[in-house]
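Residue-level listing of the chains:
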Amino acid sequence: MTSTLNKSQETLLKSQKMYVSTPINRVQEVELRLNKIFKEELESKESILVSYKQEIISKLARFILGHVNRSASIGIAGETASGKSTITLDIIDTIKSFATEFEIENAITRVNTDDYYYDRSEMVKAAGSFAAFAKNYDLDVPQALELELMKKHIQELQAGKSVYLPKYDMSGTAIRYDNHTLANPSGIIISEGLFTLTDKVRDAFDFKIYVDVRENVQKERFFVRANERGLGESAKSIYKNASQKAEIYIRPCKKDADIVLSGEAVRARYKAFLNKLISIVQQENFRSKEISAL
């Protein structure tokens, strides 16, 4: 057998015992590295992790090693102003940067939960304004969204099918444009929203993440955002309703999450943690290519 490894690559492989690993050993090796990353982060000062379930380590290892031959789906939920959207965008940005650097196509697809609000444009017109409509229609309950359709779209993407996603107009018209955005299958499918981990859709996700935040921090963020949006005095009643409905529909999802993230950590820490996971993906890809060349 002729090796195409140079000396430094061969040393790296030997030091990690990659050249004698069985499939079972490889899973165990990846699990050990993942456990180390998660444990160190959990125990660190100002950690992004609040908690995680141990079984998620094994699942993540199987996806990294390609033992699961389909897209990995990630669902991220949390209350209003918890930081879930910011964290999701940072994840997407980090993965896209990695994909660009290594010329990986179709790395990640976003399915936005908010786009599945039912079209209520006729009700808005009848009420005379969105504000008048919202007085009698609650947007802070999962029943306001067509989550069954969202689940169907995610499962179709996992099956390798392209899907046209809806687009909801958040400007106050309550219009939903169906078949609006083409989404192609990718390595990762990610969704976030208030109700992303509620019972009608959560089974679509391999990795369930809940973003937790202290009430005082959440409240401050909410009213800063409300002021920017010109909500005025109505912000108080909106916040009260959102908190009451979160108690019923959102907070219980925390127990179903594989990972609970802090919504208060410095943004750079989320990216740094994700890059550590990506480094394992890189190592395993390098290892597979080099071993196949032996």
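Structure: see above.
The rules we used
- All residue numbers here refer to positions counted from 1 along the written sequence of the relevant chain.
- Whole-chain, interface and lining totals are the exception, using all residues; otherwise, since this is a predicted model, local features are given only for residues with pLDDT of at least 70 and side-chain atom pairs are given and counted only at 80 or more.
- Each side-chain value is worked out from all heavy atoms of the structure, with water and hydrogens disregarded.
- Ring pairs are drawn from Phe, Tyr and Trp, using the six-membered ring of Trp, whenever the two centres fall within 6.5 Å, and their geometry is named by plane angle: stacked under 30 degrees, edge-to-face over 60, tilted for the rest.
- Helix and strand definitions here come from DSSP, where helices need a minimum of 4 consecutive H or I residues and strands a minimum of 2 consecutive E residues; each element is numbered from the N-terminal end.
- To define a nonpolar core, start from buried Ala, Val, Leu, Ile, Met, Phe, Trp, Tyr and Cys residues and group those joined through side-chain atoms within 4.5 Å.
- Accessible area is worked out with a 1.4 Å probe on protein chains only. A residue is then buried under 20% of its type maximum, exposed over 50%, and partly exposed in between.
- Between two residues, a contact is recorded if the distance between any of their heavy atoms is within 4.5 Å.
- At least two bridges found by DSSP between two strands are what make those strands a pair.
- For every element, the axis is a line fit to its C-alpha atoms; helices are fit only across the contacting stretch, and the angle between N-to-C directions ranges from 0 to 180 degrees.

A.B. asks: Talk me through the packing of aromatic side chains; I want residue IDs and the actual numbers.
C.D. replies: Summed over the entire model, instances satisfying the criterion amount to ten aromatic pairs. With 5.0 Å between their ring centres and 45 degrees between their planes, Phe 98 and Phe 102 make a pair best called tilted. Their ring planes at 40 degrees and their centres at 5.4 Å tell us that Tyr 117 and Tyr 168 sit as a pair that is tilted. Pair noted here: Tyr 117 is in the loop between strand E3 (108–110) and helix H5 (121–127) and Tyr 168 is in strand E4 (residues 163–168), with a separation of 51 residues, a long-range link. Of the aromatic side chains, those joined through ring pairs into one cluster are Phe 38, Tyr 52 and Phe 273.

A.B. asks: Which residues make up the nonpolar core, and what values go with them?
C.D. replies: Of all hydrophobic cores here, the largest spans 39 residues; its most connected members are Leu 34, Phe 38, Leu 49, Ile 259 and Leu 277. When contributions to this core are tallied by element, the ones reaching two or more residues are helix H2 (23–43), strand E1 (49–52), helix H3 (55–64), strand E2 (72–78), helix H4 (84–101), strand E7 (207–212), strand E8 (259–262) and helix H10 (267–292). Not counting residues within four places of it along the chain, the set of residues in contact with Phe 38 comprises Leu 49, Tyr 52, Ile 57, Leu 60, Ile 259, Phe 273 and Leu 277. Counting 33 residues, the second-largest nonpolar core is a separate cluster that includes Tyr 116, Ile 154, Ile 189 and Leu 197.

A.B. asks: Residue-level account of the sheet that holds E3, with values.
C.D. replies: Strand order in the open sheet made by the six strands is E1-E8-E7-E2-E6-E3, with mixed pairing throughout. Looking at the sheet topology across the chains shown, the edges are occupied by E1 and E3. Across the sheet, the mean angle separating the axes of adjacent strands is 20 degrees when strand polarity is ignored. In terms of strand pairing, E2 meets strand E6 (residues 188–193) through six bridges, oriented parallel.

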